[in-house]
Amino acid sequence: MPAKTLHFPSPRHLSALYAGREENLAHAERTLGVKLITREGWLKIEPAHGVSATEAAGPIARTEALFNFLNEARGQGMTIRTPDFHRIADGFARGEGEQMRALIDEPLVIATNRKSIVPKTLGQKLYLQSMLAHPVVFGIGPAGTGKTYLAMAAAVSALLRNEVERIILTRPAVEAGETLGFLPGDLREKILPYLRPLYDALGDMLDPEDTARLTEKGVIEIAPLAYMRGRTLSHSFIILDEAQNATAEQMMMFLTRLGEDSRMVVTGDITQIDLPRSKASGLLEVRHILTDIPGIDFHTFSGADVVRHPLVQKIIEAYDQYRNPMNPDTGAAGKS
């Protein structure tokens, strides 16, 4: 039998390669067509039941390459989470090991004035690579996964490298339980709280005086989604945040603003829709419409991708379980 045994420094080291979840090993067994046995700090890869030695050679080699890859990624300081493990195991099963190697063979660092931003998970790295490779990218998932922050980093970096002439940041000014009309101040002051998270992320990457200067010159524009109507946005990096609160009509309006040499990133969390029940979310609809169009990519995060306080992931999982008690895809592992 062409079994293969891989040795690692400790049981904890090995466990980190599959996010510490036995169900991830079971996923690898099903996907790659092997049997996996772990003891102490080693992993034994055997042929699946009923598979001949000749037939098993390929699956065992792919599984060995998978765990060597995960070990190298961990050695670069990356945290491997359940969605990462599933994506990568599935890629190796499809024979895409060489493409996957680019994830660790080609370091990805986004440079801004105030800091260099490195993706914390393989899922974040895939998201960043997608933004570099596609004119239109959708980042969908819960709070704390880095959807908006990484999009902002990519936009600031593109501006500093003169790849675009301006950054346009927008989000729907949707009332989430509060009434906009009763907020104090003029229209700008009423809208500012909805745009504050974009200012906060921008302030983490540019000096305050640079942000003020670029905003005053119109190089950086932060505005409600309604202000995009009728415009053609050329030579720009455009981010639509909180896109789950854009209606279907607003989503189509926004996407058709794309002009020459521009890039768009649309981020949102479909579990946090604040629209009235009579209004359908454009983010829910758009995936069914644009999935197969070249140049448009969808990247989905789950609760397991959360990089905030560990309790945030547990809170998201608990809400998923409460809202979907009969759905086997909810719970600890989340959906990738």
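Residues numbered from 1 in each chain as written. Predicted model: local features only at pLDDT ≥ 70, side-chain atom pairs only at ≥ 80, totals over all residues. Heavy atoms only, no water.

A.B. asks: Where do I start with a nonpolar patch on the surface in this structure?
C.D. replies: Taken together, Ile270, Ile273 and Leu284 make up a surface patch of nonpolar side chains, about 220 Å² in accessible area. For Ile270, the location among the structural elements is in the loop between β10 (263-268) and α11 (282-290). Under the relative-accessibility criterion, Ile270 is labelled partly exposed at 40%. (Patch = residues over 30% accessible without salt bridge, like charges linked within 9 Å, V, L, I, M, F, W, Y side chains within 5 Å. Areas by Shrake-Rupley, 256 points an atom, 1.4 Å probe, with all protein chains shown as cover. Salt bridge = Lys/Arg side-chain N within 4 Å of Asp/Glu carboxyl O. Helix = DSSP H or I, 4+ residues; strand = E, 2+ residues; numbered from the N terminus. Buried < 20%, exposed > 50% of the residue type's maximum accessible area, 1.4 Å probe, protein only.)

A.B. asks: Explain the sheet that holds strand β1 (residues 4-7) to me, please; I cannot follow it from the model alone.
C.D. replies: What links the strands of a sheet is backbone hydrogen bonding, and the strands pair in either a parallel or an antiparallel sense. A sheet is described by the order of its strands in space; here 3 strands give the open sequence β1-β3-β2, paired in antiparallel fashion. Strands at the two margins of the open sheet, each flanked by one partner only, are β1 and β2 (34-39). When strand polarity is set aside, the average angle formed by the axes of neighbouring strands in this sheet is 20°. The sheet strands contacting helix α3 (residues 53-75) are β1, β2 and β3 (42-47), and the helix crosses β3 at an angle near 160°. (Pairing = 2+ DSSP bridges. Axes fitted to C-alpha atoms, helices over the stretch in contact; angles between N-to-C directions. Contact = heavy atoms within 4.5 Å.)

A.B. asks: Explain α3 here, please?
C.D. replies: The α-helix winds at 3.6 residues per turn, so residues separated by three or four positions along the chain end up facing the same way. With 23 residues, α3 extends 32 Å between its outermost C-alpha atoms, agreeing within 8% with the 33 Å of an ideal straight helix rising 1.5 Å per residue. Within α3, burial applies to Ala56, Pro59, Ile60, Thr63, Leu66, Phe67, Phe69, Leu70 and Ala73. Just downstream of α3, Gly77 is the residue with a positive phi angle, here 90°. (Expected span 1.5 Å × (residues − 1).)

A.B. asks: Got a minute to help me understand the nonpolar core in this structure?
C.D. replies: The nonpolar side chains of soluble globular proteins are, as a tendency, buried together. Judged by nonpolar contacts, the single largest core of 32 residues is most densely connected at Tyr127, Met131, Met152, Ile220, Phe237 and Ile239. For this core, the elements supplying multiple residues, two or more each, are α6 (122-133), α7 (147-160), β7 (166-171), α8 (187-203), β8 (220-224) and β9 (236-240). Looking at this core, the element that brings in the most residues is α7, giving 9 residues. With near-sequence residues (within four places) excluded, Ile220 lies in contact with Leu159, Ile167, Leu202, Leu206, Leu214 and Thr215. Of all hydrophobic cores here, the second largest spans 28 residues; its members include Phe8, Tyr18, Ile88 and Met100. (Core = buried A, V, L, I, M, F, W, Y, C linked by side-chain atoms within 4.5 Å.)

A.B. asks: Explain the pairing of β3 to me, please; I cannot follow it from the model alone.
C.D. replies: Two faces, one strand: in a regular strand the side chains alternate between the faces of the sheet. Relative to β3, β1 runs antiparallel, the two sharing 4 bridges. If you follow His7 over to β3, its bridge partner there is Trp42. Counting the residues in the hairpin turn of β2 and β3 gives 2 residues, including Glu40, whose phi is positive at 50°.

A.B. asks: Just to check I follow, could you spell out helix α10 (residues 248-255) for this structure?
C.D. replies: Among all positions in α10, only Ala248, Met251, Met253, Phe254 and Leu255 are buried. Turning to α10, the residues buried within the fold contact β6 (136-140), β7, β9, β10 and α11.

A.B. asks: In this structure, what is going on with the sheet that holds β9? I would like to understand it.
C.D. replies: Spatial strand order, β8-β7-β9-β10-β6-β11: 6 strands in an open sheet with parallel pairing. Bordering the open sheet on either side are β8 and β11 (296-300), each of which pairs with just one other strand. Direction aside, the axes of adjacent strands within the sheet are offset by 15° on average. Where β9 lies against β10, 4 bridges are found, and the strand directions are parallel. Bridging across to β10, Leu240 finds its partner in Val266. Packed on one face of the sheet, α10 meets β6, β7, β9 and β10 and runs near 155° to β10.

A.B. asks: Could you clarify how one ought to interpret the pattern of salt bridges in this entry?
C.D. replies: Here the idea is simple: oppositely charged side chains can pair when their charged atoms come close. Under the counting rule described, the total for this entry stands at 11 salt bridges. Its salt-bridge partner being Asp84, residue Arg87 comes within 3.4 Å of it at the nearest N-O pair. One end of the pair is Arg87 and the other is Asp84, both in helix α4 (residues 82-93) and 3 residues apart, which spans about a single turn. The same class applies to Arg87 and to Asp84, which are both buried. Here Arg171 and Glu242 are joined by a salt bridge, their closest N and O atoms 3.1 Å apart. A residue pair is termed long-range when its members are at least 10 positions apart, and Arg171 in strand β7 and Glu242 in the loop between β9 and α10 qualify at 71 residues. For Arg171, a relative accessible area of 8% puts it in the buried group. Shared partners join several salt bridges into a network, and the residues in it are Arg161, Glu163 and Arg263.

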